[in-house]
Structure formats: C-alpha cells, structure tokens
Amino acid sequence: MGEVAMSGPFMGAAGVCAGAVLWWWGGRNAGARRARALLAGAGAGGGAGGGPSVPGALLGGLGRVRGRLRVEWWALVAGGALAVLGASVLPLVAGAAAVPLLRRVRLAALARRARERRGDAVIALCAALAGEVRAGRQPGEALLPAALDSGGLGEAQAAVLAAARFGGDVPGALAAAARQPGADGLRGLAACWRVAVDQGAGLAAGLDRLEAALRAERDQRADLRAQLAGARSTALMLAGLPVLGLLLGAVMGADPLRVLLHSGAGLGCLFAGGVLEGVGVWWALRIVRGAEAV
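Residues numbered from 1 in each chain as written. Predicted model: local features only at pLDDT ≥ 70, side-chain atom pairs only at ≥ 80, totals over all residues. Heavy atoms only, no water.

(A) Structural context of the overall build of the protein. Assigned secondary structure in the protein consists of 13 helices and zero strands. When the helices and strands of the protein are read in sequence order from the N terminus, they spell out α-α-α-α-α-α-α-α-α-α-α-α-α. For the protein, the proportion of its 294 residues judged to be buried stands at 27%. A sequence separation of at least 24 residues applies to 58% of the contacts in the protein between residues at least 6 apart. Approximately 17800 Å² of the protein is accessible, and the part contributed by carbon and sulfur atoms is 66%. (Helix = DSSP H or I, 4+ residues; strand = E, 2+ residues; numbered from the N terminus. Buried < 20%, exposed > 50% of the residue type's maximum accessible area, 1.4 Å probe, protein only. Contact = heavy atoms within 4.5 Å. Areas by Shrake-Rupley, 256 points an atom, 1.4 Å probe, with all protein chains shown as cover.)

In structure tokens form, the structure reads like this:
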C-alpha cells in the first residue's frame, strides 16, 4: 500500500515533466493551430471523408513533435517513462542530468562535420583556383570564381576577396581565414600565394601539390576513422548491456526496477554501476579520440 501511495506523486511529476517537454518543443502556437484544425475537421464530418481522421491527425501531430525534439531531450522522456514504471523520481532526475551531456555530444558531432565540410571546401578551392590560373587568369581575378564555386573561404570570404580585388594583403587575409575550424589548408594556400607573388613561381603547380597533400591527409583520417569504428561500436554496445539486463530481468518477472529504486542495496548497486559505466565509456571513447588525433 505504501508503494502504491507513493507512486502517485512520482507518476504525476513524471507526467508533468514529459508534458512540459512536448509542449515546449511542439510549440504552443503550432499546437493550438493543430488542435483548432482537428476540431474543425471533426465538426465538419472529418471521419466521413471531409478531412483526416482523429487518430491520423494525432499520429501526425506526434510525428511532427518527435521530429522537432533534439536527441538530448529523449533522455528526459525516457527518464519520465522509467519514473512512471518504477514509481520513483530518480530516473527522471537522471534523464534531466543527461540532457546537457547529450547536447554537448550532439554539438561536438555537428562541429566535427562542419570541420570536415570546410576541409573538403578548401581542397575544392585549391583545385578550382589552379584550374582558373591555368586558363590564363591572374591570381586575384581567378580567386573570385574559385571561391564562389567551392565556398572554401567560409565566413572570411568577403575579406579575402576584397583584398584580392583591391590589391590588399591576400596572404594575410588567407592566414586569418585559416583560423576557422577545418580551414588549416588555407595557410598552405597563403604560402603558395606569397611565393608566387614574391618570387614569380608557378602558382598552379604549388596549388596542385597542396591539393594532393590535403587530399592525402583527409583520406588518411577517413581510413583511420573507419578502422576505429569497430572499437567505438564495441564500446557503445557494452554501454548498452545494462539496459539489456534490465529488460531480461523484467521478462523473467524479477522486477529489477523495484529492486534498484526501492531498496538500499539496489540503490547502492545502481550508483556504483552508473559511476563505473560512465567512467568506462569515457575511457574507451578517450582512447578512440586519442588514436584519431595521432
């Protein structure tokens, strides 16, 4: 009876938090418009072919809300579900604590993909600029179409193109643009430009060598990442084994959530296991990142 009496506040808190998340990410105005459209369709005989059925509209609304939820907020949703199933507020607290961590992981992945795209754009810029120079254009004149075609200058494109068009310090502008994440190859482009202007060397030949070096470095990183994909997947799979154990215990009728969340020994095991799990995943991923940085 005590557990049943205590489950009410936990279930209420979990339901309120889950509802708040859905309301926040679904959008209050968008939700109101969907509700009005749904009620209008029902009043006009939507079930008779005048509009979408009520279940279909509800499923569509849930699908749109799910599409707007960032991956980190699903930790809070999962924590709320476990809080309801286990009649404890601890999973909800853990889910809320996981939100900033997962957000940091997601932003790091986005930053890594942005660096890779910018590196590819720099390689394309070198190739396009070499082609324009071979076609007979002057370097300053050739930089404009090459930059527009490749986008390799990123946010500093206006400054670099202005320096090239009005006789400014193009190598200095390229070196400043190289401070962008993933645009390190622009330093090599600045060096090639400086040598070509000061000593009259061929810019196209230097750009060809720079492009080949950047392309080889990119391919080496991609090959190393492919070799480490197995180790990363193994670490993530091992991290998910406790969840599988909980599911197996529930199927066997052992009620692992009640043991873990409503007993002293269970809470101790949960805390120790969570700490060891987190340290193990962090250490494994640290080893993988260290190998990628070599």
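Read on, since the account is not over.
(B) Molecular detail of the pattern of salt bridges. Taken as a whole, this structure holds 11 salt bridges when the rule is applied. The partner of Glu217 in a salt bridge is Arg221, with the nearest N and O atoms 3.3 Å apart. One end of the pair, Glu217, and the other, Arg221, are both in helix H10 (residues 203-239), four residues apart, so they sit about a helical turn from each other. Note on Arg221: relative accessible area 41%, which makes it partly exposed. Here Asp219 makes a salt bridge to Arg218, at a shortest N to O gap of 3.7 Å. Taking relative accessible area as the criterion, Arg218 reaches 25% and is therefore assigned partly exposed. A network of salt bridges, in which partner residues are shared, links Arg112, Glu116 and Arg225. (Salt bridge = Lys/Arg side-chain N within 4 Å of Asp/Glu carboxyl O.)

(C) Up close: the environment of Ala158. Counting through the fold element by element, Ala158 comes out in helix H7 (residues 157-165). When its relative accessible area of 58% is taken as the criterion, Ala158 is described as exposed. Residues Ala158 and Ala173, 15 residues apart in the sequence, show an inter-C-alpha distance of 9.8 Å.

(D) Region of interest: the nonpolar core. Ranked by size, the top nonpolar core spans 34 residues in total, and within it Leu125, Leu129, Leu143, Leu153, Leu174, Leu186 and Leu189 carry the most contacts. At seven residues, the largest contribution of residues to this core is made by helix H5 (residues 90-134). (Core = buried A, V, L, I, M, F, W, Y, C linked by side-chain atoms within 4.5 Å.)

(E) Inspection of helix H8 (residues 170-177) at higher detail. Among all positions in H8, only Val170, Pro171, Ala173, Leu174 and Ala177 are buried. Buried residues along H8 cover an arc of 160° about the axis, so they all sit on one side. Capping of H8 at its N-terminal end is provided by Asp169; its side-chain oxygen lies 3.2 Å from the backbone amide nitrogen of Gly172. (Arc of directions from axis to C-beta. Polar contact = N/O pair within 3.5 Å; in protein donor to acceptor, adjacent residues only side chain to side chain.)

(F) Focus on H7. Buried residues of H7: Gln157, Val160, Leu161, Ala163 and Ala164, and no others. Angularly, the buried residues of H7 cover 160° about the axis, an arc narrow enough to put them on a single face. Those residues of H7 that are exposed and aimed more than 90 degrees away from the buried face are Ala158 and Arg165. Against the buried residues of H7 lie helix H6 (139-150) and H8.

(G) Highlighting the packing of aromatic side chains. By the definition in use, this model includes one aromatic pair. Aromatic side chains Trp282 and Trp283 sit 5.9 Å apart centroid to centroid with 50° between the ring planes, which places their arrangement in the tilted category. Trp283 sits in the partly exposed class, given a relative accessible area of 45%. (Phe/Tyr/Trp six-rings, centres within 6.5 Å; stacked < 30°, edge-to-face > 60°.)

(H) Geometry of the environment of Ala83. Summarising the element assignment, Ala83 is placed in helix H4 (residues 73-86). A residue is classified by how much of its surface remains accessible, and Ala83, at 0% relative accessible area, is buried. Considering only alpha carbons, one finds Ala83 and Gly95, 12 residues apart in sequence, at a separation of 9.7 Å.

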